[in-house]
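# Understanding the architecture of this molecule
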Amino acid sequence: MKSRPFLWFVLALPGLWIVWRWVFTPDAYGYGHAIGDTGDWAAWLLLVTLAVTPVRLLFRKRKWAQWLMKRRRDLGVASFGYALMHTVIYLWKKGSAELVLAELDQRFIVVGWLAFALFLPLALTSNDASMRALKRRWKTLHRLVYPAAVLTFLHWVWSAFDPTTAWIHVGILAAIEGLRVLLQLRQRVT
């Protein structure tokens, strides 16, 4: 499918921009911007990924909704890619295991690591071979996205200097999930 490489190109653009700005303008665009922007993109793509199910339930027969459903795993893996960049930048800045371990008494660090730990098996199994091998267990495993999303947004709220933007995104997450649950309940009744 020709649209898939183009989608991956588009999904990679923010990451390339972040790397370019950090490498070529390090004084103006330093660690704080890089860690913040990669975290933002991870969260935004996670919201888009989670919104695919309610969109599919609302617009089932629309071609664009079907296309989006087929690309949901790509969106989720891209979200993980930005979360991985976020984590690598954090580890690079700390520079040692001792400094990383010393921060484990901070709740935003703990929930960030827990979210990452839940997303790791999802990213590793977001492929056709894993779907075939795991069969029904694949869907059960991928339901970890919901607690991982909650932990992701707690990480954002607790780590933000001004958590207003993070709370707005928590509201968006709640709306997406509330709509998903409502639509799935309605689908079961009919």
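Quick note: structure is the one above.
This write-up is about the structure you can find in this document. Keep in mind that what you see is a predicted model, and the values were worked out from it rather than measured. (Residues numbered from 1 in each chain as written. Predicted model: local features only at pLDDT ≥ 70, side-chain atom pairs only at ≥ 80, totals over all residues. Heavy atoms only, no water.)

## Digging into the overall build of the protein
Quick reminder of the rule: Only DSSP runs of H or I reaching four residues or more are called helices, and only runs of E reaching two or more are called strands; each is numbered from the N terminus. Restricting the calculation to C-alpha atoms gives the radius of gyration, and the globule rule supplies 2.2 Å times the number of residues raised to the power 0.38.
The secondary structure content of the protein amounts to 10 helices and zero strands. Put simply, the protein runs from its N terminus to its C terminus through helices and strands in the order α-α-α-α-α-α-α-α-α-α. Taking 2.2 N^0.38 as the reference for a compact globule, 190 residues should give roughly 16 Å; the C-alpha atoms of the protein span a radius of gyration of 18 Å, in line with that estimate. Considered along the principal axes of its C-alpha atoms, the protein spans approximately 55 × 40 × 35 Å.

## With respect to the pattern of salt bridges
Rules: The salt bridge definition used is simple: a Lys or Arg side-chain nitrogen within 4 Å of an Asp or Glu carboxyl oxygen. Relative accessibility under 20% of the residue-type maximum defines a buried residue, over 50% an exposed one, and the middle range a partly exposed one, all with a 1.4 Å probe and only protein chains included.
In this structure the tally under the stated criterion is five salt bridges. Between Asp74 and Arg4 there is a salt bridge, and its shortest N-O distance comes to 2.8 Å. One end of the pair, Asp74, is in helix α4 (residues 72–94); the other, Arg4, is in helix α1 (residues 3–24), with 70 residues separating them in the sequence. Taking relative accessible area as the criterion, Asp74 reaches 3% and is therefore assigned buried. Its salt-bridge partner being Glu103, residue Lys94 comes within 2.9 Å of it at the nearest N-O pair. A network of salt bridges, in which partner residues are shared, links Arg4, Arg71 and Asp74.

## Details of the nonpolar core
In plain terms, the rule: Remark: nonpolar core denotes a set of buried residues (Ala, Val, Leu, Ile, Met, Phe, Trp, Tyr, Cys) joined through side-chain atoms within 4.5 Å. The contact rule is simple, with two residues in contact once any of their heavy atoms fall within 4.5 Å.
With 21 residues, the main nonpolar core has Leu46, Leu50, Phe119, Val145, Phe153 and Leu173 as its most contacted residues. Secondary-structure elements contributing two or more residues to this core are α2 (31–58), α6 (107–124), α9 (145–159) and α10 (164–189). Ranked by the residues each element gives to this core, the list is headed by α9, at seven residues. Ignoring anything within four residues of it in the chain, the contact list for Phe119 reads Leu46, Phe80, Val145, Ala148, Ala149 and Thr152. The next biggest cluster of nonpolar side chains, apart from the first, holds 12 residues, and it includes Leu7, Leu11, Val55 and Ala83.

## Points about the packing of α1 against α2
Convention followed: Orientation is described by axes fitted as lines to C-alpha atoms, over the contacting stretch for helices, and by angles from 0 to 180 degrees between their N-to-C directions. Note on angle classes: values under 35 degrees are labelled roughly parallel, values over 145 roughly antiparallel, values of 65 to 115 roughly perpendicular, and the remainder oblique. When residue character is reported, Ala, Val, Leu, Ile, Met, Phe, Trp, Tyr, Cys and Pro are called nonpolar, Asp, Glu, Lys and Arg charged, and the others, Gly included, polar.
Close contact between α1 and α2 brings their axes to 10 Å; oriented N to C, the two are set at 175°. Looking at the two axes, α1 sits roughly antiparallel to α2. Facing Leu11, Pro14, Ile18 and Trp22 of α1, the residues of α2 in contact are Tyr31, Ala34, Asp37, Thr38, Trp41 and Leu45. Here the residues of the contact of α1 with α2 are counted per class, giving eight nonpolar, one polar and one charged.

## Some remarks on α2
Rule in force here: Expected helix span is given by 1.5 Å per residue-to-residue step, counting one fewer step than there are residues. To get the bend at a given residue, fit one axis to the seven residues ending there, fit another to the seven starting there, and take the angle between those axes.
If you check α2, its first and last C-alpha atoms are 41 Å apart, about what 28 residues at 1.5 Å a residue would give, namely 40 Å. At Val52, α2 shows its strongest bend, of approximately 30°, with the proline Pro54 following within four residues.

## Notes on unusual backbone geometry
Phi is positive for Lys135, close to 50°, though the residue is something other than glycine. Inspection of the secondary structure assignment puts Lys135 in the loop between α7 (128–134) and α8 (136–142). Residue class for Lys135 comes out exposed when judged on its relative accessible area of 65%.

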